[in-house]
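Summary of structural features
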Protein chains: 4
Amino acid sequence: RSFNRLDPRKLDQADLAEAYDRVRRSTEALIESLGPEDQNLQSMPDASPVKWHRAHTSWFFETFILKPHLPAYRPLDPGYEYLFNSYYNGVGRQYPRPRRGLISRPDQAAVTDYRRHVDGAIQQLLIQLDPPTLRQLAPLILLGLNHEQQHQELIVTDLKHAFSFNPAHPPCFGTRHEPSGQNAAFDWLGFEGGLFEFGHEGPAFAFDNEMPRHRAFLAPFELGSQPVSCAAYLAFMDDGGYERPELWLSDGWSWRQVEGIDAPLYWWREDGDWWHYSCTGARPVDPDSPICHLSFYEAWAFAEWSGARLPSELEWEHAVRALPIEGHFADRRRFHPEASAATGLTQAYGSVWEWTSSAYAAYPGFRPGKGAVGEYNGKFMANQMVLRGGSCATAAGHLRASYRNFFHPHQRWQFSGLRLARSAS
Amino acid sequence: RSFNRLDPRKLDQADLAEAYDRVRRSTEALIESLGPEDQNLQSMPDASPVKWHRAHTSWFFETFILKPHLPAYRPLDPGYEYLFNSYYNGVGRQYPRPRRGLISRPDQAAVTDYRRHVDGAIQQLLIQLDPPTLRQLAPLILLGLNHEQQHQELIVTDLKHAFSFNPAHPPCFGTRHEPSGQNAAFDWLGFEGGLFEFGHEGPAFAFDNEMPRHRAFLAPFELGSQPVSCAAYLAFMDDGGYERPELWLSDGWSWRQVEGIDAPLYWWREDGDWWHYSCTGARPVDPDSPICHLSFYEAWAFAEWSGARLPSELEWEHAVRALPIEGHFADRRRFHPEASAATGLTQAYGSVWEWTSSAYAAYPGFRPGKGAVGEYNGKFMANQMVLRGGSCATAAGHLRASYRNFFHPHQRWQFSGLRLARSAS
Amino acid sequence: RSFNRLDPRKLDQADLAEAYDRVRRSTEALIESLGPEDQNLQSMPDASPVKWHRAHTSWFFETFILKPHLPAYRPLDPGYEYLFNSYYNGVGRQYPRPRRGLISRPDQAAVTDYRRHVDGAIQQLLIQLDPPTLRQLAPLILLGLNHEQQHQELIVTDLKHAFSFNPAHPPCFGTRHEPSGQNAAFDWLGFEGGLFEFGHEGPAFAFDNEMPRHRAFLAPFELGSQPVSCAAYLAFMDDGGYERPELWLSDGWSWRQVEGIDAPLYWWREDGDWWHYSCTGARPVDPDSPICHLSFYEAWAFAEWSGARLPSELEWEHAVRALPIEGHFADRRRFHPEASAATGLTQAYGSVWEWTSSAYAAYPGFRPGKGAVGEYNGKFMANQMVLRGGSCATAAGHLRASYRNFFHPHQRWQFSGLRLARSAS
Amino acid sequence: RSFNRLDPRKLDQADLAEAYDRVRRSTEALIESLGPEDQNLQSMPDASPVKWHRAHTSWFFETFILKPHLPAYRPLDPGYEYLFNSYYNGVGRQYPRPRRGLISRPDQAAVTDYRRHVDGAIQQLLIQLDPPTLRQLAPLILLGLNHEQQHQELIVTDLKHAFSFNPAHPPCFGTRHEPSGQNAAFDWLGFEGGLFEFGHEGPAFAFDNEMPRHRAFLAPFELGSQPVSCAAYLAFMDDGGYERPELWLSDGWSWRQVEGIDAPLYWWREDGDWWHYSCTGARPVDPDSPICHLSFYEAWAFAEWSGARLPSELEWEHAVRALPIEGHFADRRRFHPEASAATGLTQAYGSVWEWTSSAYAAYPGFRPGKGAVGEYNGKFMANQMVLRGGSCATAAGHLRASYRNFFHPHQRWQFSGLRLARSAS
Ligand SMILES: [Fe+3]
Ligand SMILES: [Fe+3]
Ligand SMILES: [Fe+3]
Ligand SMILES: [Fe+3]
């Protein structure tokens, strides 16, 4: 079972050491086929070089655990505090994000050294600390591990974005391509309304933005049994979905016009067929696979066209709370969503993140953590929409029903799709 | 009593004619001191020329009432359909919004003719229609009147914005300046939690976005007795409020840096004192008057600095629902917020719009109106935040407890301030 | 004969008063059909409102003549020094050029007052000054008059640009439209090479950039007998001229692609025919009329396509120096180029400015005037190309063989065309 | 002696093979200390990755020599034709220049293979061709070698630009730093006027833009004996040179304001001293070393401040034509300009490129080469200014008196300085 299902304060030194080792090694396993040039690419300000992710996740442990809690710790390079700080103003100024791809030195080998340096110090800290102190630190260590899991997903999506500019469409991750299979028939699943509790509960790890547990009222609603497929999305496109302003939010229609959007990200037309750039290279669009790389605006327009709507994040959470947290995750090393022949509410977790109709905002009574770590989630609570459910690039064991992901409505480089909802009549 | 408090289906021909006449004449009264050059100014894409507002509000009646319901109606100029359509894709293409200020012809006199042409036709329609048809049309006529009231407010805020670029700081509206008076002492007012109903109810006019009436759960909370004053905001500024990233949302801090923001809109420093451009010209900042021309980001940062937060739109609605809809509105012709010596929950209505923490979104079960009129509100439900309560530039009689205004978080040219809230301990 | 052909020091008080009066009145005559809204339009940073031109030309007399030379002079409004300064850093800061259209006050009536105020003071100055002082001032007065003539041309081109955004294509100047007539046959005219003198000579007025008189060597060359016609340009377009990068300068090709240029400014296609917006409204393109509203890049590409080249400014000056300064100028009040049935080197002056291959640069030994007036021409000697010959919007009497106009290579809103040249074999 | 001083048609197979080998190996020697990440950096659209330069110079030989002249030639990768084409529309479309840094694959090892592949094919071609054919091809081979020498200089300046964004200021080239020495005293050197010949003459290699040889007239002038030093430039800065609009061209002043320029590129102030990023890392500014990394605008403003001007390119060429082509070039592997204690006209070649007052334009009678190679120089003849003399990063043997370099007036990332001129009284 994932360390994320356990009470951190009951993890002993060996548990933590193993969890740490497992997460850190899985980052390095993910990138083992990438060359130094690959690791240095940055294709837009929203994305970062692989090398930077590998360093920044180490910086996180160094900054929030080693520097304050291991007195003997000596940083490998004093310049890294500035270079690998993402956005923590409480720690200090940051190297400008859009220029991360201009840092060739430290090179990837030096970053590997940095990771080893931090790994050694963390293992040393785990050995040295007495159990009560360790219990106190455990939540922060788990935060560091969950943070690294999040950056593992970004490594996949950021490099996919960068590689998409290469006219040769080289594969980037998980070179083994397998057919997606077939979907079960679509169905509507109904849910009663009522006053329910939402958000994370219990001793296991969760991010601050999933709390506090609180009550909210839901009207009765229905949810689609499966994420929207490429076949359904192609029907929307064939029906002029990208040319009909009445289906779009006003900001979405402007975005579409200014950016010249007429298909999901990474799609192109060739001899009458739709192709897309996937992590295993150029592939024909597979009708049964869940649609992904949609913006919120496209997801909204599709839902309008369907005569339905996006679910709110609370509807989604309510609907899935009893389901097992299983799905098509990164541990399968097939970095593309896949069809599912299962019936009932399928693929709630994995395959694609699902846009919801909910703006990312604080739960009633929310207070971010103290100090710079408090900048992790709270300061992003404007202009972003919540996505739920995880994707094929999310680490297995990383998710739960209350998990909230969030992106700006125009962003498409995540594995982002949707599930339909409608209000019960 | 305002026609907005009555059941539109109980208004007879004379009621409607009088309401129409009153609203239309108040638009013309508002702009009577403006010259033709004044009326043609457009200082940013978000704002429109006064002349355009005068024409567009007429276009609204022409498009949604006269063309479909008065068979004998002849448009004054066929080009106006395109020129004065704001954003109704269902009606057709629109002249590009950022270029409205480039239209010198029709000039202001021609627009006056256009208004008279439409006025005559509407009065003719009111006389001709049989009572049952009139009852059916009444909601649409009231929509047109409320629409014109909204544009009256925009006439004030848009021209104030344009005039602010004139180094001579000429007065634009309501040249009579009066001192603002003194505020009562600030107080926190407590409210019980529970499951309550929200949104508009009853036969009187409301916009579609205020509906449907629905239930939601509130935790106990407290609200500030009055809008935040300039004195309080100056204390925030003196305490380095604009230089401390920990007080700001991430998008807000970027906005502040990119735009070089360090004070509310229209403020400048002169010999150690803060001045601002008001509708009556350059004035020293009055400490007791409610702070206004804030972005959502600034309102948020101020609330953080205060150890408080913004209220949600539902907390606001719950707190004010029993209060009379009174306040400092446009009928006073003093287009600047004013202090209030009253105690209890004061100035809920009028003086300044109050930013809430709520993203502008559909209420559960929301469905926009059929046809092009359905574009009025619904398609803007992304990236905007709700403001409540009305301002010194809002038409008296225009508001109610369920009224939802909305703007993008960086926008500041409305009379936008805030009221503090906090969760009850 | 124009005052520009005479020795300024031989003009007496009456001559100067009459010249001043004539130029100033011709500005007012030009704009008499324009309403206040028309006069306030600014459609791009390169262009200014008509009202601003009327004020700025008055500012020029006020700043460089009245303030220094008429002790009793009192400015009408002290704010005008800042508001109507175009680019003279030596005079002080300037109101931002892109915002000139946001100044509704002073309105057009107040600007008329300003013009009268300055006119009165100038006439007073002319009466008061003793003849020797007047002789000294005369060159500066003539500079002011030539300056106003230049702004008369800009009034036409700037307002034409602004009106082009009006979908109704209203006429702006010279409402009488007349057919253009037919051209004589095209011919090549040959010129011997040699060491020649260039630039202005003699006592009559000229701008500083036309001096000093200097020697330069020309190889033998040929010049087209007439400006390039629309018919010839249409042949270039039909031959794919806008789609063939090999015809274009690299910067020109980029400009074309980024801006989406595929025809001269103000042209559009309607039912298979080319139309254009002219000062008398929408008109079909007239094949015999000289092509205009071209950028330097388009002129270059056309010349490449023709197997020819643009003339250098010195070739042009050498070729026309013996010709009379006659042509289709603004005094005809037909603000569009016209065909000419004359033979020999025709239309050297008037109809269209002709792009040359010469970058605008200082002549050897050039020194700009002392003081702020020295900013008139010299500081623009980078990134601009010289045009020669004047246009249908240039004041009659304003030009001479050595006259140098200059614009950036992408600018098209002047009446700018070309004449072909080639090196003699 | 450099192959550039010889008649290409007199070079035999062995001469060409040796010249080819020498130039190609010097490229690889230049970059031998760079890692794969270094070679992939692109810091602005004007600059390219080192790896791209290495591939593009090979592409040039492949495209213009191997494909048309070696029938057995097989490209290593068909995608390279598109990927490594810089701007030759005659060859086909090009991968977008601003995205060159996003191409991680082919990686640097694959580019090394590409270079070897081309090298082998060229050596094979040199062996196979009969002498008459070789004589015909020799000018094209020399063009390829000169092209590669130009890109060697760009490798230095482009990577220096990229490394300048690294806060650690890592050295990039020629890590041996040596003090610059002291300058001789500044002197003015006079030149007679007259009608002279300019441009390249004789059988040795030159670019098409240096021809044809032609006559032009020069007035008498004087030239500074040495390039302007940092000490002189610091005096300009101390005298408010960056704050005085009267010293600047209008476009230069706008550029300075928009970009916030107040020192040469790569300079910063630290504890009251000026430092700069050099190829050997951060260094204090050396007063005696020639000023470099100036834009044309800064060079112009400095000359104005000095009461002098920039020389025209013809004045420069006339003044240096008798001097030996010696100086501080790239073969010294010290990539920074240096002082010179010599007297007379010093450092005409090497150390810094010298901005001239001449816009880059065709010489009278200029015709570019036939086919795609004709795009090499001619299509850039707009908006650029000529620089003369070469720099510390120019290959020794690459230059001559008639050599014309050219950049846009705002560009500063070359080793660009200036030499003063003035007109003889
Ligand atoms: Fe992070
Ligand atoms: Fe409207
Ligand atoms: Fe002027
Ligand atoms: Fe090249």
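The structure we're discussing is the one just above.
Reading guide: rules and limits
- Residues numbered from 1 in each chain as written.
- Chains lettered and ligands numbered in written order.
- Predicted model: local features only at pLDDT ≥ 70, side-chain atom pairs only at ≥ 80, totals over all residues.
- Heavy atoms only, no water.
- Donors = N, O, S within 2.8 Å, 3.2 Å for Na, K, Ca; no water.
- Helix = DSSP H or I, 4+ residues; strand = E, 2+ residues; numbered from the N terminus.
- Buried < 20%, exposed > 50% of the residue type's maximum accessible area, 1.4 Å probe, protein only.
- Contact = heavy atoms within 4.5 Å.
- Buried area = accessible area lost by both parts, 1.4 Å probe.
- Salt bridge = Lys/Arg side-chain N within 4 Å of Asp/Glu carboxyl O.
- Least-squares fit on C-alpha atoms with pLDDT ≥ 70 in both.

Re the coordination of the iron ion (ligand 3)
All names here are of chain C.
- On the protein side, the iron ion (ligand 3) has H56 (NE2), H147 (NE2) and H151 (NE2) as donor atoms, found 2.1 to 2.2 Å from it.
- Read N to C, the donor residues that coordinate the iron ion (ligand 3) are spaced as H-x90-H-x3-H. Taken together, the residues H56 in helix α3 (residues 50-69) and H151 in helix α6 (residues 131-163) connect sequence positions 95 residues apart.

Observations concerning the coordination of the iron ion (ligand 2)
Residue and element names in this part refer to chain B.
- Protein coordination of the iron ion (ligand 2) is provided by H56 (NE2), H147 (NE2) and H151 (NE2), with donor distances spanning 2.2 Å.
- Sequence positions of the donors to the iron ion (ligand 2) reduce to the motif H-x90-H-x3-H. Of this pair, H56 sits in helix α3 (residues 50-69) while H147 is found in helix α6 (residues 131-163), placing the two residues 91 residues apart along the sequence.
- Overall, the relative accessible area of 3% leaves H147 in the buried class.

Looking at the environment of B:W275
Residues and elements named next belong to chain B.
- Here W275 is to be found in strand β6 (residues 273-278).
- Taking the relative accessible area as the measure of exposure, W275 reaches 24% and is therefore partly exposed.
- Each C-alpha atom, one on W275 and one on D286, is 8.9 Å from the other, the two residues being eleven residues apart in sequence.
- Apart from residues lying up to four places away in sequence, W275 is in contact with Y266, W267, W268, E270, A282, R283, P284 and V285.

Here we look at the interface of chain D and chain A
- At the interface, 27 residues of chain D touch 27 residues of chain A.
- Between chain D and chain A, a total of about 2,100 Å² is buried, with carbon and sulfur atoms accounting for 57% of that surface.
- The largest contributions to the chain D side of the interface with chain A come from D:E37, D:L102 and D:R105, which together make up 35% of the buried area.
- Across the chain D-chain A interface, the total number found is two salt bridges.

Re the relation of the copies chain D and chain A
- Superposition of chain D onto chain A requires a rotation of 180 degrees combined with a translation of 0.0 Å along the rotation axis, giving an RMSD of 0.0 Å. Classification of the inter-copy transformation places it as that of a two-fold axis. Of the C-alpha atoms belonging to chain D, the one lying closest to the rotation axis is found on D:E37, 2.5 Å away.
- An overlap of 100% is found between the interface residues of chain D and their copies at the interface of chain A, pointing to a shared contact surface.

The analysis is restricted to geometry; functional conclusions fall outside its scope.
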